[in-house]
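In case you want the letters, here they are:
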Amino acid sequence: MTDTTRPKRYRMVSKYYKETYGEKVYKLPVALPLTCPNRDGSAGVGGCTFCGEIGAGYENRPAWMTVRMQLEENIAHIGPKYKAKKFIPYYQNFSNTYLGLDDFKSYMEQGCIDEAVGIAIATRPDCIADEYLEILADIRDRFQKDIYIELGLQTVNYDTLEKINRGHDLAQFIDAVLRIKRYGFNITTHMIVNLPWDTMKDTIEGARILSALGVDQVKLHALYIVKNTLMAKWYQEGQFTLISAEEYADRVVNFVRHLHPDIVLQRLVGRAPEDNTLFTNWSMGWWRVQDLIDDKLDELDAHQGDLCDYLNGKAVRKFID
């Protein structure tokens with residue numbers, strides 16, 4: 001098990017929540033009856049090559065349940081277990097702004113329960129438009145809830161984006177971030193740093209681009225090979241190989257070191273049920289991968305942002321500092 005007493009060399013979300021809300025805050029997954037534009041033909045078909053039929057919400061309640069029912073069940077489970085009092089309903093599965101405006105507004109309002117300090121909406125860069133952001137701004141003001149928007153990007157390599165059938169490009173991600181920032185919402189970006197077609201240079205460039213754009217939070221995880229996906233077919237046919245856990249840790253360390261120190265990290269490694277996957281975290285517990293990352297940072301005496309020296313006119317700093 002990872003050593004929770006060891007000082008972290010990066011800024012974690014648990015500390016951010018406690019500093020912001022005065023106590024621990026837990027996210028409550030919410031599933032809506034929707035899909036993605038790269039599944040229904042709007043931006044593509046088949047979805048991302050790594051994404052299964054249920055999307056990312058392995059712990060979600062069924063989407064036929066109302067938002068209120070899902071939240072009540074999750075609070076009943078999580079509240080007593082962790083002595084939790086504050087929550088963030090997390091609209092997690094598929095693209096949660098891929099809805100008509102009226103439906104979107106209704107679903108978001110239903111998440112504004114008394115126990116919620118904010119709502120988090122997972123979506124795609126090509127599903128961000130000013131009209132949806134206006135609705136969220138109105139909800140923020142009326143219900144006094146913070147707005148967290150989580151954008152799946154996964155990689156800044158446009159060839160890899162095409163290979164994994166994301167259905168959007170880097171320009172659309174940049175456009176989405178700039179639009180969201182105008183409203184002052186909190187932006188999280190999801191990244192996979194061991195995609196088979198990416199290199200360490202792509203990993204570092206990802207950290208640099210997110211830092212330059214000023215995103216607020218980042219969520220990292222290793223690639224899962226989910227059963228019955230196109231990625232699983234390629235994997236079983238030997239069309240690609242995956243880097244080792246040690247190499248993954250090296251990439252995460254370099255990502256963290258190039259990431260601006262103010263950006264909050266939601267996680268450095270994720271989890272997925274083994275029953276649903278052909279490959280998950282090198283068949284080791286997520287905490288063992290986390291320990292590899294922490295050990296490497298300790299060995300290097302490195303920390304988040306210690307290589308973030310490229311912003312604000314690096315070439316002319318010698319004339320200013």
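This text follows the structure it describes.
Bear in mind the structure is a predicted one, so any value in this text is a computation, not a measurement. (Residues numbered from 1 in each chain as written. Predicted model: local features only at pLDDT ≥ 70, side-chain atom pairs only at ≥ 80, totals over all residues. Heavy atoms only, no water.)

*Asks:* Help me understand the overall build of the protein chain in this model?
*Replies:* The number of helices and strands found in the protein chain is 10 helices and 9 strands. Overall, the protein chain is about 55 × 50 × 40 Å in size when its C-alpha atoms are taken along their principal axes. Taken over 321 residues, the protein chain has a buried fraction of 54%. Total accessible area on the protein chain is roughly 15,200 Å²; 49% of this is exposed by carbon and sulfur atoms. Averaging the positions of the 39 positive and the 45 negative side-chain charges in the protein chain gives two centres separated by 3 Å. (Helix = DSSP H or I, 4+ residues; strand = E, 2+ residues; numbered from the N terminus. Buried < 20%, exposed > 50% of the residue type's maximum accessible area, 1.4 Å probe, protein only. Areas by Shrake-Rupley, 256 points an atom, 1.4 Å probe, with all protein chains shown as cover. Lys, Arg positive; Asp, Glu negative; His and termini not counted. Charge placed at Lys NZ, Arg CZ, Asp CG, Glu CD.)

*Asks:* Could you clarify how one ought to interpret the packing of aromatic side chains in this entry?
*Replies:* Two numbers describe a pair of aromatic rings. These are the distance of the centres and the angle of the planes. Counting across every chain of the model gives 12 aromatic pairs. With centroids separated by 5.9 Å and ring planes inclined at 40 degrees, the aromatic side chains of Tyr235 and Phe240 adopt a geometry described as tilted. On the basis of relative accessibility, which here comes to 28%, the residue Tyr235 falls in the partly exposed class. According to the relative accessible area criterion, Phe240 is buried, its value standing at 8%. Cluster of aromatic residues (ring-pair linked, three or more members): Trp197, Trp234, Tyr235, Phe240, Tyr248, Phe279 and Trp282. (Phe/Tyr/Trp six-rings, centres within 6.5 Å; stacked < 30°, edge-to-face > 60°.)

*Asks:* What exactly am I supposed to notice about helix H9 (residues 245–258) here?
*Replies:* Helical periodicity: at 3.6 residues per turn, an α-helix aligns residues three or four positions apart in one direction. Given a rise of 1.5 Å per residue, 14 residues ought to cover 20 Å, and the 20 Å separating the end C-alpha atoms of H9 matches this to within 8%. H9 sits mainly inside the fold: 10 of its 14 residues count as buried. Along H9, the residues that are buried comprise Ala245, Tyr248, Ala249, Arg251, Val252, Val253, Phe255, Val256, Arg257 and His258. As for H9, its buried residues are in contact with helix H7 (200–213), strand S6 (217–221), strand S8 (264–267) and helix H10 (286–300). (Expected span 1.5 Å × (residues − 1). Contact = heavy atoms within 4.5 Å.)

*Asks:* Help me understand the packing of helix H3 (residues 101–110) against helix H4 (residues 130–143) in this model?
*Replies:* To describe two helices that pack against each other, one gives the angle between their axes and the distance between the axes. Interhelical geometry of H3 versus H4 gives an angle of 30 degrees and a closest axis separation of 10 Å. It follows from the interaxial angle that H3 and H4 lie roughly parallel. Note that H3 runs across H4; the crossing there is right-handed. Listed contacts from H4 to Leu101, Phe104, Lys105, Met108 and Glu109 of H3 are Glu131, Tyr132, Ile135, Leu136, Ile139, Arg142 and Phe143. Partitioning the contact of H3 with H4 into residue classes produces 8 nonpolar, no polar and 4 charged. (Axes fitted to C-alpha atoms, helices over the stretch in contact; angles between N-to-C directions. Parallel < 35°, antiparallel > 145°, perpendicular 65-115°, else oblique. Left-handed = near helix turned anticlockwise from the far one by under 90°. Nonpolar A, V, L, I, M, F, W, Y, C, P; charged D, E, K, R; others polar.)

*Asks:* Is there a simple way to explain the nonpolar core in this structure?
*Replies:* A general feature of soluble globular proteins is that nonpolar side chains tend to end up buried together. Counting 87 residues, the largest nonpolar core has Leu136, Val218 and Tyr248 as the members making the most contacts within it. With 7 residues, H9 is the single largest residue contributor to this core. Counting 12 residues, the second largest nonpolar core, distinct from the first, contains Val13, Tyr17, Ile88 and Val117. (Core = buried A, V, L, I, M, F, W, Y, C linked by side-chain atoms within 4.5 Å.)

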